[in-house]
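Here is what each chain is made of, one letter per residue.
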Amino acid sequence: MRLGTSCLAGIAGLLLAAQAHAQEPQLGISAPLSGPSAILGAQVLEGASAAADAAELEIADDACTGEGGASAARQFVEAKVRVVVGFLCTEAIEAALPILKQAGIPVITVGIRTDSLTDNREKTGWPVFRLGPRAGGENTAAAAILPKLWRDKLFAIIDDGTIYGRELAESVRAAAEQSALKPVFTDNFRPQMDNQVGLIGRLRKAGATHVFVGGDRDDIAIMARDAAATGADMIFAGGEALRAASGEVPLAEGTLMIGLPEWSEIADRRALAVFRERQTAPYGYVLPSFAAVEIARAALASADAAGKPLPEILAEREFKTAIGPIRFDDKGDLADNPYRAFRYDGTRFIPLGDD
């Protein structure tokens, strides 16, 4: 069952339930609950409400705007919440953080990848902790994984000329060079072509058996099809763009991806049982929001027990969550890059090594 109209309709009910309790809320939940991003905000709210009692929550609509973020922050300060979970848009959180910082309220964001959010921490002093990956997380992971994986392979690196494709491919090339590895072929290609026979011919001539592509799913699928048609035994790899919906040409079995896991595939049974009982599907931001609330509640308990400031607790300990253990680094980013290598089995991507 997908979240949608039914979940959006339940927002008002959750707000009323929280307001009906006399106790002071501990957690602020900030999400876009109106406007074009409301469906994503509903995912945040569903995950957060599944992990917490309604009495703990102060829910605010940040509308994915600077004005909405500042308004949400003032609402949280007035309600005296101790920690805020959510925020999907950079404009909203950047407007909210100065207000929340002044009130000593830390934030666990589930959906913002902008590197500057945490890179400027020494300057801003913003008490923000990022549960999602950094914008450069995919490039960093690809650079760390592919050169090691293909150390003894004849590999090529190509890109579609877009900023995304070029930066992803360049990350892999630079890392390979630092490891004293040299691709047998590097080039860019014209994307969205009906066939890539000419490119495959050049790859074959160079002797490439493994090809990293900075590009989208459809282009990689066409390359693999054309390679197979010409008798070339090539393995193709790409980034998280491979998780896009399938086009006319199916993705070849064996295609490698550097991407994020499907949270529902790695979540613990306890959390999945909660969503089965609620008759909702834990997709999108649902499970990360569930985990963020788990972290917030555990940190609150530890801070109270140890008599320490909440940001200090968030910064120093590991938290057990529905999507695995989580620890933050000195800047507030995830200590471990969540991107991994996966192999397409013809139906879905499975972690490399599990097949």
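Participant: Tell me about the packing of helix α9 (residues 197–206) against helix α10 (residues 217–229), and name the residues and values.
Facilitator: Angle between the axes and distance between the axes are the two parameters that describe a pair of packed helices. Between α9 and α10, the shortest axis-to-axis distance is 9 Å and the interhelical angle comes to 65°. For the pair α9 and α10, the sense of crossing is right-handed. Contacts from V197, L199 and I200 in α9 reach M223, D226 and A227 in α10. Within the contact of α9 with α10, the residues separate by chemical class into five nonpolar, no polar and one charged.

Participant: Can you break down the environment of F155 residue by residue, with the values?
Facilitator: Inspection of the secondary structure assignment puts F155 in strand β6 (residues 155–159). Taking relative accessible area as the criterion, F155 reaches 4% and is therefore assigned buried. As a C-alpha pair, F155 and F236 span 81 residues in sequence and 9.6 Å in three-dimensional space. Those residues in contact with F155 that lie beyond four places of it in its chain are W150, A176, L181, K182, P183, V184, F185 and H210.

Participant: An account of the layout of surface pockets is needed here, citing residue identities and associated values.
Facilitator: Taken as a whole, the largest pocket spans an internal volume of roughly 540 Å³. Every residue lining the largest pocket is counted, 22 residues in all, and those nearest its centre are R113, L260, P261, W263 and G284. Counting only elements with at least two residues in the lining of the largest pocket, the list comes to α2 (38–51) and α11 (263–266). Of the residues that constitute the lining of the largest pocket, the class distribution is 13 nonpolar, five polar and four charged. In this structure, the second largest pocket is lined by 18 residues; those nearest its centre are W263, I323, P325, P338 and R340. When residues of the lining of the second largest pocket are traced back to their parent elements, those giving at least two are α11, β12 (324–326) and β13 (340–344). Here the element with the most residues in the lining of the second largest pocket is β12; it accounts for three residues. Within the lining of the second largest pocket, the residues separate by chemical class into 12 nonpolar, two polar and four charged.

Participant: Run through the packing of aromatic side chains, naming residues and quoting values.
Facilitator: Enumeration according to the criterion identifies four aromatic pairs in this entry. Lying over the aromatic face of F342, R243 brings its terminal NZ or CZ to 5.4 Å of the ring centre.

Participant: Describe α9, with residues and values.
Facilitator: If you check which residues of α9 are buried, you get L199, I200 and L203. Relative to the axis of α9, the buried residues are bounded by an arc of 100° and lie together on one face. Residues of α9 that are buried sit in contact with β6, β7 (185–188), β8 (210–214), α10 and β9 (235–238). G207 sits one or two residues past α9 and shows a positive phi near 85°.

Rules behind the numbers
Residues numbered from 1 in each chain as written. Predicted model: local features only at pLDDT ≥ 70, side-chain atom pairs only at ≥ 80, totals over all residues. Heavy atoms only, no water. Axes fitted to C-alpha atoms, helices over the stretch in contact; angles between N-to-C directions. Helix = DSSP H or I, 4+ residues; strand = E, 2+ residues; numbered from the N terminus. Left-handed = near helix turned anticlockwise from the far one by under 90°. Contact = heavy atoms within 4.5 Å. Nonpolar A, V, L, I, M, F, W, Y, C, P; charged D, E, K, R; others polar. Buried < 20%, exposed > 50% of the residue type's maximum accessible area, 1.4 Å probe, protein only. 1 Å grid on protein atoms, 1.4 Å probe; cavity = no way out; pocket = protein on both sides within 12 Å on 5 of 7 lines; lining within 4 Å. Points joined across faces, edges and corners; volume = space filled by probe spheres on them. Phe/Tyr/Trp six-rings, centres within 6.5 Å; stacked < 30°, edge-to-face > 60°. Lys NZ or Arg CZ within 6 Å of the ring centre and 35° of its normal. Arc of directions from axis to C-beta.

By themselves, these figures tell us nothing about what the structure is for.
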